[in-house]
Amino acid sequence: MSIQVVRTSDGWWVESGTGWLHRVVTDADTTAGLLADRSAVREAAARAAADPDAGVSAGEGELLSPVTTPCRVVAQMVNYRSHAVDSGFDPNTVPPAFFRKASGSVNGPYQDIVRPQHVRFLDYEVELGLVMGADLPVGTEVTDSTLPEYVAALVVADDVSARDVQLPKTQFYESKSYPTFTPLGPRLLLVDADDLARLPDLRLTLKVNGATRQDHTTTDMIVRPARALSLLARFQTLKPGDVLLTGTPGGTALKSPGKLLATLAALLPPHKRWQKFFARQQKNPDYLKDGDVVTARIATDDGVLDLGEQRTVVRAR
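A short tour of the structure in this document, coming up. (Residues numbered from 1 in each chain as written. Predicted model: local features only at pLDDT ≥ 70, side-chain atom pairs only at ≥ 80, totals over all residues. Heavy atoms only, no water.)

**Details of the overall build of the chain**
Our working rule: A run of H or I in DSSP becomes a helix once it reaches four residues, and a run of E becomes a strand once it reaches two; helices and strands are each numbered from the N terminus. The quantity called the radius of gyration is restricted to C-alpha atoms. Its globule counterpart is 2.2 Å times the number of residues to the power 0.38. Only protein chains enter the accessibility calculation, which uses a 1.4 Å probe; a residue is then buried when its area is under 20% of its type maximum, exposed when over 50%, and partly exposed in between. The contact criterion used is simple: two residues touch if any of their non-hydrogen atoms lie within 4.5 Å. The Shrake-Rupley method, run with a 1.4 Å probe sphere, supplies the accessible areas, and residue values consider only the shown protein chains as cover. Only four residue types enter the charge count, namely Lys and Arg as positive and Asp and Glu as negative; His and the chain termini do not. The atoms used to mark charge sites are NZ of Lys, CZ of Arg, CG of Asp and CD of Glu.
Broken down by element type, the chain carries ten helices and 18 strands. Taking 20 Å as the expected radius of gyration for a compact globule of 317 residues, we find that the chain reaches 20 Å, a close match to that expectation. Here the C-alpha coordinates of the chain stretch approximately 65 × 45 × 35 Å along the principal axes. Counting all 317 residues of the chain, 53% fall into the buried class. The long-range fraction of contacts in the chain, counting pairs at least 24 apart against all pairs at least 6 apart in sequence, stands at 76%. Entry remark: accessible area of the chain is about 13700 Å², with carbon and sulfur atoms responsible for 53%. Here the chain contributes 35 positive and 38 negative side-chain charges, whose respective centroids are spaced 10 Å apart.

Set out below in structure tokens:
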């Protein structure tokens, strides 16, 4: 049975079904430490279940990222069929790929997304984050049945992306690692085997100023979590508290220009190609602008698993 945990500057809390917070009595000051102190979390969850309204309230502004830093933030690239189609790839042949994000990009669920002055094409990507609860050594093979041995919790993520850095420079690390470019939370949803069996039921939604941009369930995934962790473990160790972002569904601002335009553009020198591409992108109204309000939510349709909703505002640096 899942447990909803949030973090403030004053510590860790279990959130009851009525929204009140019940303190987790622990010395843990990191996500890894909290996950190691499961007895304290279970004790707080028992208090929350016994008397849901006996806790304290916390304003949204008080909630921090439930994933503490430093940590590894690894992400899957083009891992939803709808996103592959949007990006001009064949979802049946696109290869599994990973990239890293700086943990300095991790931000709270209600803090501003700060757009660097030189970035003009700022994009959003709602993603399901898997938070590790155990070591994943190189060479580990993970199956659906052993997934609960490694994944302890789930979290909402927004993989904010500077497309005018990412594309011309083919530079994922820089374009996705500016400070505030990885809002996480609000909840750290601790899960068990039964909860993880319901991963395909999770729905990812993202809205900008109230208008829906992304809305898909994880059944749209190409490489599912157990397989993704096995592929990642061929070369990368993960530790408790590290996060794997599992890709975003279709609906981002960036979309493929189409096969014909791509074919014609391939005949141009690279600098001319990108000049023309971004000239067309100037007409795309979906990129994030200063003052835009981005809300991202992940939950099952029946509400049994609910990672909460983050709300961030785009601000110019």
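Now that the structure has been shown, we can carry on.
**Looking at helix H2 (residues 38-50)**
The line we're drawing: One fewer than the residue count of a helix, multiplied by 1.5 Å, yields its expected span. Of all possible arcs, the one meant is that of the directions from the helix axis to the C-beta atoms.
Here H2 spans 18 Å end to end across 13 residues, near enough to the 18 Å set by a 1.5 Å rise per residue. What H2 keeps buried is the set Ala40, Val41, Ala44, Ala45 and Ala48. Taken down its axis, H2 places every buried residue within 135° of arc, on the same side. Turned more than 90 degrees off the buried face of H2, the exposed positions are Arg42, Ala49 and Ala50. Those residues of H2 that are buried lie in contact with strand E1 (3-8), strand E2 (11-15), strand E3 (21-23), helix H1 (31-36) and strand E13 (188-190).

**A word on the nonpolar core**
We count it as follows: Here the nonpolar core consists of buried residues drawn from Ala, Val, Leu, Ile, Met, Phe, Trp, Tyr and Cys, with membership extended through side-chain atoms lying within 4.5 Å.
With 54 residues, the main nonpolar core has Leu128, Leu154 and Leu229 as its most contacted residues. If sequence neighbours within four positions are ignored, Leu154 has contacts with Leu128, Gly129, Leu130, Arg187, Leu188, Leu189, Val191, Leu196, Leu199, Leu202 and Leu307. Of all hydrophobic cores here, the second largest spans 29 residues; its members include Ala28, Ala40, Val67 and Ala157.

**Topic: the sheet that holds strand E4 (residues 73-76)**
Basically, it comes down to this: By the convention used here, strands pair only if DSSP detects at least 2 bridges between them. Comment: axis = line fitted to C-alpha atoms, over the contacting stretch for helices; angle = value between 0 and 180 degrees taken between N-to-C directions.
Strand order in this open sheet of nine strands is E3-E2-E1-E13-E10-E9-E16-E4-E5, and the pairing throughout is mixed. Where the open sheet ends on each side, the last strands, each with one partner, are E3 and strand E5 (98-101). Within the sheet, the average angular offset between the axes of one strand and its neighbour, ignoring direction, is 30°. Running over the sheet, H2 touches E1, E2, E3, strand E10 (151-158) and E13 and is turned about 135° from E3.

**Some details on empty space enclosed by the protein**
The cut-off we apply is this: Grid points spaced at 1 Å and placed over the protein atoms alone form the basis of the search, with a cavity being a set where a 1.4 Å probe fits but cannot get out and a pocket an open set showing protein on both sides within 12 Å along at least five of seven lines. Lining residues have an atom within 4 Å of a point. Grid points are joined across faces, edges and corners, and a volume is the space filled by probe spheres set on the points. When residues are sorted by character, Ala, Val, Leu, Ile, Met, Phe, Trp, Tyr, Cys and Pro go into the nonpolar class, Asp, Glu, Lys and Arg into the charged class, and all the rest, Gly among them, into the polar class.
Under the criterion given, the structure shown has one cavity of 30 Å³ or more. If you add up the space inside the largest cavity, you get close to 70 Å³. As for the largest cavity, its lining consists of 13 residues, of which Gln76, Asn79, Pro96, Ala97 and Val223 are closest to the centre. In terms of residue class, the lining of the largest cavity is made up of eleven nonpolar, two polar and no charged.

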